[in-house]
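Okay, here's what each chain looks like letter by letter:
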Amino acid sequence: MTLNPSTNRHHYPSPAPSPPNGIDFTMTAANPITVLASSRAILDGKLTAATIVISRATGKITSIFHSVLHASDFPPGTTYINHSPHILLPGLVDAHVHLNEPGRTEWEGFWTGTRAAAFGGVTTVIDMPLNAIPPTTSVSALREKVQAAQGKCWVDVGFYGGIVPGNPTELRPLVEAGVRGFKGFLIDSGVPEFPAVSSTDIALAMAALADEPTTLMFHAETIPPIADSVGDDVQRSLPPLAPIGPLDEYATFLASRPSAFETYAIAQILSLAHIAPKLPLHIVHLSAIEAIPLLREAIANGINITAETCFHYLSLAAESIRNGDTRHKCCPPIRSQSNQDGLWEELMQDDGCITTVVSDHSPCTPNLKLLPSHIANAKNDVVAGQEESKGDFFSAWGGVSSVGLGLSILWTEGQSRGISIEDVVKWCCKKTAKQVGLENEKGDLAVGFDGDVVVFDDEGFFEVGEDAMLFRNKCSPYQGMRLQGVVKETWVRGQRVWDREGSGFGKGGPNGKLLLERRR
Ligand SMILES: NC(=O)NC(NC(N)=O)C(=O)[O-]
Ligand SMILES: [Zn+2]
Ligand SMILES: [Zn+2]
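Nothing here was measured: the structure is a model prediction, and the numbers come from that model.

> Sorry if this is basic, but what is going on with the pairing of strand β18 (residues 453–463) here?
Extensive coverage of β18 is indicated by the burial of 8 of its 11 residues. Two elements, strand β8 (residues 87–90) and β18, share 4 bridges in a ladder whose sense is antiparallel. Pairing of Pro90 across the sheet is with Val453, part of β18. Relative to strand β19 (residues 482–492), β18 runs antiparallel, the two sharing 8 bridges. Bridge pairing links Val453 to Trp491 in β19.

Structure, rendered in structure tokens:
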């Protein structure tokens, strides 16, 4: 090793690999590096051999080589791991997670939710504005959330703001305070403190955000009016379709929330898009394939709109949901197998309207799922004293728990559909990062990006037992399933947070960053 006294920089020992493209191939004593290598990695969306150098001081990727370099190529003191043949992926950005703290921390919290994320290779989660109390509909509520999150996050966490009636003046201050987008509901949200918006509210929100660097997102389900003369406010207060059939049969629930709820809501949003032509619009958790032609046409006409779908719509189907298995209840609902096939078909199109796949992890305490004891098989699923309403899809909380399982769910389901690991990275890393304005630091393995790296064994299997459901309440439709694709290690900004075969969660504690830098 040669020491350059003027800069105190240690240069790499000979034989050092020649630095391609003039990359600064040096390490200072104050800036030690971690090097992760593998014969297989996803760089710039393509599978290739790679050696990734991460600064331990900044957590950023400082150089990348498209080949496997050796430990001896680096200075002593370098942490070097060759993970061949496991795949190095950029950490997943799950752009739709409900963490529910403060206020409903017994449903989920920052600590449990972000550990579950890290377990499954998710290095960034974006928290939804509802189910915590207060909901994130004002800057002061955001402050409470940020306060509650301090010191508890194992991965990086960003926040969405909420659009509710009466809060348009809060929206720009929320952008300034660092929220990464906004969500509004066109139907009852399930919690009283987050009411649905009318067309008038949407128009006000669009006007307020028209020139802001943000994304306006909608829970697009609404009850089509019984008559054109029904006013907007009356419309919003209509009850959903009454159940016709046994309440514990999934088909009864599915029939109460038809695809027309989604297409009608999307048409309503599109009819207002001219108010903010530049503002990125986004449909969260798209389920109904009938909405795809509407969205495609809108995009062809220049409307700036995208859609996400969820792991559960791509892996579960109405036909296989047992009576009373409310772990599958979510809104919009999981639809037929042919609907699932149609979502996959759209997702696989390069120019499709569905650009991202997220979890919509929206958990609750097991008692609120009203799960009958013949289905409950995790310890905390069985709750005494609710026999009369057990399995009632209409009374049960709507939301599927899956944060941290998504990579393996998609990989398992995708085996028979011919997807590649590059596809998964596109849907769950690259495009989700873009959706929330993190495309210059997350979602890819590239110089200058955060050193968020997943070590993925694409051929391994695991069973979704309690040890794989690190979210607070072990109640998920994936429970007991055998999934292909195991996350061996998760690195967040150059620190190993999860080491499946080694020490488990890192001794460094929860070092997740709260992503509150204003979007640009
Ligand atoms: N209040 C909720 O968490 N709702 C969520 N619930 C679902 N998806 O069933 C959602 O994202 O709409
Ligand atoms: Zn929603
Ligand atoms: Zn949600």
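> Got a minute to help me understand the site of ligand 1 in this structure?
Close to ligand 1 lie 16 residues; Asn131, His219, Cys331, Asp360 and Ser362 are nearest. Cys331 places a polar main-chain atom, nitrogen or oxygen, 2.7 Å from an oxygen atom of ligand 1. A distance of 3.2 Å separates an oxygen atom of ligand 1 from a polar atom in the backbone of Gly398. Contact with the protein chains covers 98% of the free accessible surface of ligand 1, which is 320 Å². Class assignment of the residues belonging to the shell around ligand 1 gives a composition of 5 nonpolar, 9 polar and 2 charged.

> I'm lost on the coordination of the zinc ion (ligand 3) in this one. Help?
The protein atoms donating to the zinc ion (ligand 3) are His96 (NE2), His98 (NE2) and Asp360 (OD), with metal-donor distances spanning 2.0 to 2.1 Å. Classification of the site at the zinc ion (ligand 3) as tetrahedral follows from its 4 donor atoms and the range of 86 to 127° in their angles at the metal. Spacing between the donor residues of the zinc ion (ligand 3) along their common chain follows H-x1-H-x261-D.

> What is the right way to read the coordination of the zinc ion (ligand 2) from this model?
Six octahedrally arranged donors around a metal ideally form angles of 90 or 180 degrees; four tetrahedrally arranged donors ideally form angles of 109.5 degrees. Taken together, the protein ligands of the zinc ion (ligand 2) are Lys183 (NZ), His219 (ND1) and His285 (NE2), with distances of 2.0 to 2.1 Å. In this structure the zinc ion (ligand 3) is found 4.1 Å away from the zinc ion (ligand 2). Here the residue Lys183 occupies a position in strand β13 (residues 182–185), and His285 occupies one in the loop between β15 (281–283) and α8 (292–300), the gap between them amounting to 102 residues. Of the two residues, Lys183 and His285, both sit in the buried class.

> Quick question: what am I supposed to make of helix α7 (residues 259–270) here?
Because the α-helix completes a turn every 3.6 residues, residues three or four places apart line up on one side. For α7, spanning 12 residues, the distance from its first C-alpha to its last is 17 Å, which sits close to the expected 16 Å at 1.5 Å a residue. All buried positions along α7 are accounted for by Ser259, Phe261, Glu262, Ala265, Ile266, Gln268, Ile269 and Leu270.

> Explain the state of the cysteines to me, please; I cannot follow it from the model alone.
Every disulfide links exactly two cysteines, by a covalent bond between their sulfur atoms. Inspection of every chain in the model, using the stated rule, returns 0 disulfides. Cys310 supplies the cysteine sulfur nearest to Cys353, a cysteine that is in no disulfide, at a spacing of 14 Å. Lacking any disulfide linkage, Cys475 is separated from the closest cysteine sulfur, that of Cys364, by 6.7 Å. Its relative accessible area of 6% is what places Cys475 among the buried residues.

> Hey, could you run me through the sheet that holds strand β11 (residues 156–159) in this one?
As a general point, the strands of a sheet are linked pairwise by backbone hydrogen bonds and lie either parallel or antiparallel. Strand order in the open sheet formed by 3 strands is β9-β10-β11, with parallel pairing between adjacent strands. Two strands close off the open sheet at either side, each with one partner strand: β9 (92–97) and β11. Between one strand and the next, the sheet's axes are offset by a mean angle of 20°, whatever the strand orientation. Its contacts with the sheet place helix α1 (residues 110–119) against β10 (122–127) and β11, and it is angled at close to 140° to β10.

> Could you clarify how one ought to interpret the sheet that holds strand β17 (residues 354–358) in this entry?
The sheet built from 6 strands is open, its strands ordered β12-β13-β14-β15-β16-β17 with parallel pairing. Pairing within the sheet leaves two strands with one partner each, and these edge strands are β12 (161–163) and β17. Taken over all neighbouring pairs, the strand axes of this sheet differ in orientation by 30° on average, direction set aside. Where strand β16 (residues 305–310) lies against β17, 4 bridges are found, and the strand directions are parallel. Bridge pairing in β17 places Thr309 opposite Val357.

How each quantity is defined
Residues numbered from 1 in each chain as written. Chains lettered and ligands numbered in written order. Predicted model: local features only at pLDDT ≥ 70, side-chain atom pairs only at ≥ 80, totals over all residues. Heavy atoms only, no water. Buried < 20%, exposed > 50% of the residue type's maximum accessible area, 1.4 Å probe, protein only. Helix = DSSP H or I, 4+ residues; strand = E, 2+ residues; numbered from the N terminus. Pairing = 2+ DSSP bridges. Near = heavy atom within 4 Å. Polar contact = N/O pair within 3.5 Å; in protein donor to acceptor, adjacent residues only side chain to side chain. Areas by Shrake-Rupley, 256 points an atom, 1.4 Å probe, with all protein chains shown as cover. Nonpolar A, V, L, I, M, F, W, Y, C, P; charged D, E, K, R; others polar. Donors = N, O, S within 2.8 Å, 3.2 Å for Na, K, Ca; no water. Tetrahedral: all angles 85-135°; square planar, octahedral: opposite > 155°, others 65-115°. Expected span 1.5 Å × (residues − 1). Disulfide = S-S within 2.5 Å. Axes fitted to C-alpha atoms, helices over the stretch in contact; angles between N-to-C directions. Contact = heavy atoms within 4.5 Å.

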